[in-house]
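These are the residues of each chain, in order.
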There are 2 protein chains.
Amino acid sequence: MNNTKNHTHMHESGIEHFSGEMPQEETLQSLANLFKVFGDSTRVKILFVLAKSDMCVYHIAETLDMTISAISHQLSVLKKANLVTSQRQGKTIYYSLADEHVRLIFEQGLDHVCE
Amino acid sequence: MNNTKNHTHMHESGIEHFSGEMPQEETLQSLANLFKVFGDSTRVKILFVLAKSDMCVYHIAETLDMTISAISHQLSVLKKANLVTSQRQGKTIYYSLADEHVRLIFEQGLDHVCE
DNA sequence: AATATATTTGAACAGTTGTTCAAATGTTCA
DNA sequence: TGAACATTTGAACAACTGTTCAAATATATT
């Protein structure tokens, strides 16, 4: 699985950058999975409209001009990732952002994109 | 493309959450693309080892126990996203993190994952 | 120029992803 | 209970992604 044998490199930089230790394999996988959820424009748009106000599936679909089914599928992804929560009120189910992390992650990302 | 006609919803939440205005379609797409790059554990690992010290392809491959080719492909993705920079030094090409944004985005993500 | 080292590149492949469509599940109200 | 509303679910399909493999490029050394 590794074709790195018989290499003559002698480099050792010594420059220390990052604050913490290298996290566990499992943690890095979780981190990648979290970012993967943010890595789709439909989901990003959903999170943005939810950041403005709680909404039901119908209204999100209307706002983004997409089918209810497509939005529902993506909401289930967001819910599984604990980025949104839902609350039934009669026939309608309202979705909201799960916590402040979402906003903070967004702001960092926007900083980078809008530099 | 939209099956949301003839809906009887009357909801208007009024709850205002997010600091800024809804960004442009294009900006949201860029944001999603940025997160997409973070959404792979190999790339996350590469960024982590680069956060500790600048490294060449061979040593990254060695550290992550993967092929040089696989790492090289992913480095080109990271470079295209302006998350890493490279600097040739003789035969060897050293890679480094492009800026502090990477660290900040990571820290936000880790906060969420390790809650 | 020829050789060894260091890395990139492109095609190919299996695995994953997002949307659509049709059908199913819940909920409310007459 | 039956009809209307609100949303979810699963299968299907095309598009995309990450890794491998083999070959190409680039640099340094002799």
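Above this text you will find the structure in question.
Quick look at the structure, then. (Residues numbered from 1 in each chain as written. Chains lettered and ligands numbered in written order. Predicted model: local features only at pLDDT ≥ 70, side-chain atom pairs only at ≥ 80, totals over all residues. Heavy atoms only, no water.)

Attention shifts here to the pairing of strand β2 (residues 84–89) of chain A. Residues and elements named next belong to chain A. Pairing geometry for β2 and strand β3 (residues 92–97), over six bridges, is antiparallel. Across the sheet, the residue bridging to R88 is I93, located in β3. The hairpin formed by β2 and β3 contains two residues between the paired strands, and G90 there has a positive phi angle of roughly 75 degrees. (Pairing = 2+ DSSP bridges. Helix = DSSP H or I, 4+ residues; strand = E, 2+ residues; numbered from the N terminus.)

All names here are of chain B. Close contact between helix α1 (residues 25–38) and helix α5 (residues 100–113) brings their axes to 12 Å; oriented N to C, the two are set at 75 degrees. Here α5 runs roughly perpendicular to α1, going by the angle between their axes. Along the contact surface, α1 presents L34, F35 and F38, while α5 presents V102, I105 and F106. The residue makeup of the contact of α1 with α5, split by class, is six nonpolar, no polar and no charged. (Axes fitted to C-alpha atoms, helices over the stretch in contact; angles between N-to-C directions. Parallel < 35°, antiparallel > 145°, perpendicular 65-115°, else oblique. Contact = heavy atoms within 4.5 Å. Nonpolar A, V, L, I, M, F, W, Y, C, P; charged D, E, K, R; others polar.)

Turning our attention to the sheet that holds strand β2 (residues 84–89) of chain B. Strand order in the open sheet made by the three strands is β1-β3-β2 (chain B), with antiparallel pairing throughout. Since the sheet does not close on itself, it has two edges, and those belong to β1 (55–56) and β2 of chain B, each with one partner.

Attention now moves to the packing of helix α2 (residues 41–52) of chain A against helix α5 (residues 100–113) of chain A. Residue and element names in this part refer to chain A. Their axes nearest at 11 Å, the elements α2 and α5 cross at an angle of 120 degrees. Compared by their axis directions, α2 and α5 come out oblique. Every pair of crossing elements has a handedness; the one defined by α2 and α5 is left-handed. Here V44, L47, F48 and A51 of α2 come into contact with α5, specifically with V102, R103, F106 and L110. Considered class by class, the residues forming the contact of α2 with α5 number seven nonpolar, no polar and one charged. (Left-handed = near helix turned anticlockwise from the far one by under 90°.)

This part takes up the protein's contact with DNA strand D. Close to DNA strand D lie 27 residues, the nearest being A:S72, A:H73, A:Y95, B:S69 and B:Q74. Each atom of DNA strand D within 4 Å of the protein was assigned to sugar, phosphate or base; sugar and phosphate come to 75%. B:T42 is positioned with one of its side-chain polar atoms (N or O) 2.7 Å from a phosphate oxygen of DNA strand D. Mapped by element, the contributors of at least two residues to the surface near DNA strand D are α3 (57–64), α4 (68–80) and β3 of chain A together with α2 (41–52) and α4 (68–80) of chain B. Of the residues that constitute the surface near DNA strand D, the class distribution is eight nonpolar, 13 polar and six charged. (Near = heavy atom within 4 Å. Polar contact = N/O pair within 3.5 Å; in protein donor to acceptor, adjacent residues only side chain to side chain.)

Each α-helix winds once per 3.6 residues, and so residues spaced three or four apart point in a common direction. Taking 1.5 Å per residue, 14 residues should reach 20 Å; helix α1 (residues 25–38) of chain A reaches 20 Å between its end C-alpha atoms and fits that length. Residues of α1(A) that are buried: A:T27, A:L28, A:L31, A:A32, A:L34, A:F35, A:V37 and A:F38. Its buried side turned inward, α1(A) meets α2, α4 and α5 of chain A together with α1, α2 and α5 of chain B. (Expected span 1.5 Å × (residues − 1). Buried < 20%, exposed > 50% of the residue type's maximum accessible area, 1.4 Å probe, protein only.)

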